[in-house]
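Tertiary structure, described
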Amino acid sequence: MPPPLRSKLPHVGTTIFTVMSKLAAECGAINLSQGFPDFPIDERLSSLVYAAMKAGHNQYAPMPGLLSLREAIATKVDRLYGSAYDVESEVTVTAGGTQAIFTALAAVVHLGDEVIIVDPAYDCYAPTVALFGGVPVHVRLGDDMRFDAAAVQAAITPRTRMLMLNTPHNPAGTILRDADMQRIVAMLRGTDILLLSDEVYEHLVFDGEMHASAMNYPELRERAFVVFSFGKVFHATGWKMGYVLAPMDLMTEFRKVHQFNVFSANTPLQHALAEHLRDPANYEQLPGFFQEKRDRCTIGLRASRFEPLACEGSYFQLADYSRISDEEDIAFAKRMTVEYGIAAIPLSPFYNDPPQGRRILRFCFAKQGDTLDNALEKLCAI
Ligand code: GLN
């Protein structure tokens, strides 16, 4: 008999992304569930990886990341957001955004610390807080899926250690604007509350709006881990590459954990990304590229019995299915996959306490035009 185990995460199962992608594969369904592109990466980028391997860049990278990549990152954020981060002490390359979030929480959350999470929230936030002895405090976006500053303010207590933000928001598809950021600045002023700002969809902001980064607000920047993902920028989610920016004191603590967790991220990919990031054209075309897909998805859904909600950013479109069914969302998403050959993500797993009676699915539109058209045809038949 194996020794009895006491789970550190007794209430956690397998992520909904894994569940739905597996079901989609088993059913041969079009997979608009887990968020990943179905189109290839830029060939110049894959050539750069190959060239880096051939040039012998196959051993450990420096622990904080390759200097040339940290420099390219610092140049990019300065160019886009006018934010200066010191490449030596304030930029760290990670094995993806999720690892950056995990490590930041590991570095600063102590037993009993409260961390405010805005539901629906990306599904790694609360379990990671709990793993390090923190207490997730859940507040909700408003019914319109927008940030509710009053709800967050009301959740702050003397034990609040951190606020976790996400803009553009996954799964909601809404963004934070300057007015939201100003309210966040005001509510954190004079407190010891840290900020974790998950900005992995920074380039996927539509309709000419600007990404409001925590970096742009000095009073947020001084207390923030800001998390980014190369997977989202260069259509390579499987590379598991990202980075985190933070002021030196926070970054020192981050690196103490990072060095004993992953130590350093993939070397040849870092060489390739450093080179590719140097040309702003490689990320400047992203809003237009994805807006075209967003439009195709929203317009297509309007012709169906689904009701699309506003999508201001990210590569996710929410849609209400209450005109089709009153089933709860996990059951409906599974049945849609099996019976109609379309997989999407139900929203309830992103809530601590799912709102009763809301019937919403999340569709990923980071797909080729043909994939979207085929999917929309099936959705219109439901
Ligand atoms: N970020 C992706 C999504 O939201 C999923 C990543 C994962 O499967 N862990 O769909």
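Everything discussed here concerns the structure shown above.
Here we summarise the structure given alongside this text. Treat the numbers as computed from the prediction; the structure is a model and nothing was measured.

So, how was this worked out
Residues numbered from 1 in each chain as written. Predicted model: local features only at pLDDT ≥ 70, side-chain atom pairs only at ≥ 80, totals over all residues. Heavy atoms only, no water. Phe/Tyr/Trp six-rings, centres within 6.5 Å; stacked < 30°, edge-to-face > 60°. Helix = DSSP H or I, 4+ residues; strand = E, 2+ residues; numbered from the N terminus. Buried < 20%, exposed > 50% of the residue type's maximum accessible area, 1.4 Å probe, protein only. Lys NZ or Arg CZ within 6 Å of the ring centre and 35° of its normal. Salt bridge = Lys/Arg side-chain N within 4 Å of Asp/Glu carboxyl O. Pairing = 2+ DSSP bridges. Right-handed = clockwise from strand over helix to strand, strands pointing away. 1 Å grid on protein atoms, 1.4 Å probe; cavity = no way out; pocket = protein on both sides within 12 Å on 5 of 7 lines; lining within 4 Å. Points joined across faces, edges and corners; volume = space filled by probe spheres on them. Nonpolar A, V, L, I, M, F, W, Y, C, P; charged D, E, K, R; others polar. Axes fitted to C-alpha atoms, helices over the stretch in contact; angles between N-to-C directions. Parallel < 35°, antiparallel > 145°, perpendicular 65-115°, else oblique. Left-handed = near helix turned anticlockwise from the far one by under 90°. Contact = heavy atoms within 4.5 Å.

1. Looking at the packing of aromatic side chains
In the structure shown here, the tally under the stated rule is 19 aromatic pairs. Between phenylalanine 306 and phenylalanine 363, the aromatic rings sit 5.6 Å apart at their centres with planes inclined by 90 degrees, giving edge-to-face as the arrangement. Of this pair, phenylalanine 306 sits in the loop between helix H13 (286-302) and strand S9 (307-308) while phenylalanine 363 sits in strand S13 (residues 360-364); the two residues are 57 residues apart in sequence, bridging distant segments of the chain. Phenylalanine 363 shares its class with phenylalanine 306; the two are buried. Taken together, the ring pairs in this structure connect Phe39, Tyr201, Phe289, Phe290, Tyr315 and Phe316 into an aromatic cluster. Between the NZ or CZ atom of lysine 76 and the centre of the ring of tyrosine 283, over which it lies, the distance is 5.1 Å.

2. Some remarks on the pattern of salt bridges
Pairing between side chains of opposite charge can happen when their charged atoms approach one another. Using the criterion set out here, one finds 22 salt bridges in the structure. Between aspartate 207 and arginine 294 there is a salt bridge, with the nearest N and O atoms lying 2.8 Å from each other. Here the residue aspartate 207 occupies a position in the loop between strand S6 (194-198) and helix H8 (218-221), and arginine 294 occupies one in helix H13, the gap between them amounting to 87 residues. By relative accessible area, aspartate 207 is classed as partly exposed at 48%. Salt bridges sharing partners connect three or more residues here, namely Asp144, Arg146, Arg177, Glu209 and Glu312.

3. Concerning the pairing of strand S4 (residues 135-140)
Of the pairings in the sheet, the one linking strand S3 (residues 114-119) to S4 comprises 6 bridges and is parallel in character. Counterpart to isoleucine 116 in the pairing with S4 is valine 137. After leaving S3, the chain enters helix H5 (residues 125-131) and then returns to the sheet as S4, a path that is right-handed.

4. Some thoughts on the layout of surface pockets
When its volume is computed, the second largest pocket comes out at roughly 330 Å³. Surrounding the second largest pocket, 16 residues form its lining, Leu80, Glu209, Met210, His211 and Pro287 being those nearest its centre. Of all the secondary-structure elements, those providing two or more residues to the lining of the second largest pocket are helix H3 (67-81), helix H12 (281-284) and H13. Across the lining of the second largest pocket, the residue classes tally to 7 nonpolar, 5 polar and 4 charged.

5. Description of the packing of H13 against helix H15 (residues 369-380)
Where H13 meets H15, the axes come as close as 10 Å, and the angle between the chain directions of the two elements is 15 degrees. Compared by their axis directions, H13 and H15 come out roughly parallel. Here the hand of the crossing between H13 and H15 comes out right-handed. On the side of H13, the interface is formed by Lys293, Arg296, Cys297, Gly300 and Leu301, while H15 contributes Gly369, Leu372, Asp373, Leu376, Leu379 and Cys380. When its residues are assigned to classes, the contact of H13 with H15 shows 6 nonpolar, 2 polar and 3 charged.

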